[in-house]
Amino acid sequence: MQTIDLHDVLIAQHAAETRLEVSGIAVTHTDNSVLKAHQTLERAAGTKLPASFRLHKRIPPGSGLGGASSDAAAALRALKALFWLDIDLLEVAPEVGSDVPFFLVGGRALVEGRGERVTPQPTREEWFAIAWPGIELSTQNVYDEWDRVGGIGLREAAERAEPKLKVFAQRLGAGWQMTGSGSAFFKAANTYGEAKLALDGLDCWTTVSRPAA
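Position numbers for residues start from 1 in each chain and track the written sequence from start to end. This being a predicted model, a pLDDT of at least 70 is required before a residue's local features are given, and a value of 80 or more before pairs of side-chain atoms are given or counted; all residues contribute to the totals for chains, interfaces and linings. Only hydrogens and water are set aside when side-chain values are computed; all heavy atoms of the structure are taken into account.

Novice: Any chance you could explain the overall build of the protein here in plain terms?
Specialist: Helix numbers and strand numbers start at the N terminus; a helix is a DSSP run of H or I with at least 4 residues, a strand a run of E with at least 2. A tally of helices and strands in the protein yields 8 helices and 9 strands. Every radius of gyration here is taken over C-alpha atoms, with the globule rule written as 2.2 Å times N^0.38, N being the number of residues. Expected size for 213 residues packed as a compact globule is a radius of gyration near 17 Å; at 18 Å, the protein falls within 12% of this value. Only the protein chains shown count as cover for residues, and the accessible areas themselves come from Shrake-Rupley with a 1.4 Å probe. Accessible surface, the protein as shown: approximately 11600 Å² in total, 49% of it carbon and sulfur. Counted as positive: Lys and Arg. Counted as negative: Asp and Glu. His and the chain ends are not counted at all. Note that the charge is assigned to NZ on lysines, CZ on arginines, CG on aspartates and CD on glutamates. Put simply, the protein has 22 plus and 26 minus side-chain charges, and the middle of one group is 2 Å from the middle of the other.

Below you can see the structure in the form of structure tokens.
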């Protein structure tokens, strides 16, 4: 897994009661990962941690780009700093989500087990063309399909969960890989110009990004 410079923005402050405001790209799911991270850390700390959160979404939801998990990791870090908590966040993170431990580490890493084993790797100098078809794909649905059929890859499971994804992948052509469990795709490039060129002619959400520590 590799963190990239595409990111959401999360602002956390002390408050009388916990609340969350969301702006930017619309999110259809009501169970926000920031609030889940907050509730999990409250249980671990054994006390209330009232805070207000303002989340600006720039990462497409349900795209497999780790937006929800990175938001949760940011919330854990913010709350630990706000309330001076003596808690190892890497022990709490797996309860929030499988990818959350990775986003606490960042960079490029080999992630194993249920996401709790994160081994840092050397970061490569490259750029990424990213294309999202506007489909908010449920990770749970993809893995349910993967479990149900058996003997198939994650991309095929995603295409079974959402047939439109196969059509989108065919339009992209060769050299593109699915991000996580979908629905976005990426193509590695040596330069910004090469990555930008890969996006020419696409009539969907696109961006060019690069590795981040």
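Novice: Got a minute to help me understand the packing of aromatic side chains in this structure?
Specialist: The description of an aromatic ring pair uses the distance of the two centres, along with the angle that the planes make with each other. Pairing of aromatic side chains here covers Phe, Tyr and the six-membered ring of Trp, requires ring centres within 6.5 Å, and sorts the geometry by plane angle: under 30 degrees stacked, over 60 edge-to-face, intermediate tilted. Throughout the structure, instances matching the rule amount to 6 aromatic pairs. For the ring pair Phe168 and Phe185, a centre distance of 6.0 Å and an interplane angle of 55° mean the geometry is tilted. Separated by 17 residues along the polypeptide, Phe168 in helix 7 (residues 164-172) and Phe185 in strand 8 (residues 185-189) bring together distant segments of the chain. Residue classification places Phe185 among the buried positions, given a relative accessible area of 1%. Relative accessibility under 20% of the residue-type maximum defines a buried residue, over 50% an exposed one, and the middle range a partly exposed one, all with a 1.4 Å probe and only protein chains included.

Novice: Even after reading the chapter, I still don't get the nonpolar core, so can you show me in this structure?
Specialist: When a protein is soluble and globular, its nonpolar side chains tend to lie buried together. Within this scheme, the nonpolar core is defined by two criteria: the residues are buried Ala, Val, Leu, Ile, Met, Phe, Trp, Tyr or Cys, and they are joined through side-chain atoms within 4.5 Å. Formed by 24 residues in total, the largest nonpolar core has its most connected members in Ala37, Leu41, Phe53, Leu76, Val96 and Val100. Sorting the residues of this core by element identifies helix 1 (33-45), strand 3 (51-57), helix 2 (67-82), helix 3 (89-96) and helix 4 (100-105) as the ones contributing at least two each. Contacts are residue-level and defined by heavy atoms, with any inter-residue pair within 4.5 Å sufficient. Each residue touching Leu41, except ones within four places of it in the same chain, is listed here: Leu49, Leu76, Leu79, Lys80, Leu85, Ile87, Leu89 and Val92. In this structure, Trp127, Val142, Ala157 and Leu172 belong to the second largest nonpolar core, which totals 20 residues.

These results come straight from atomic positions and should not be treated as a statement about function.
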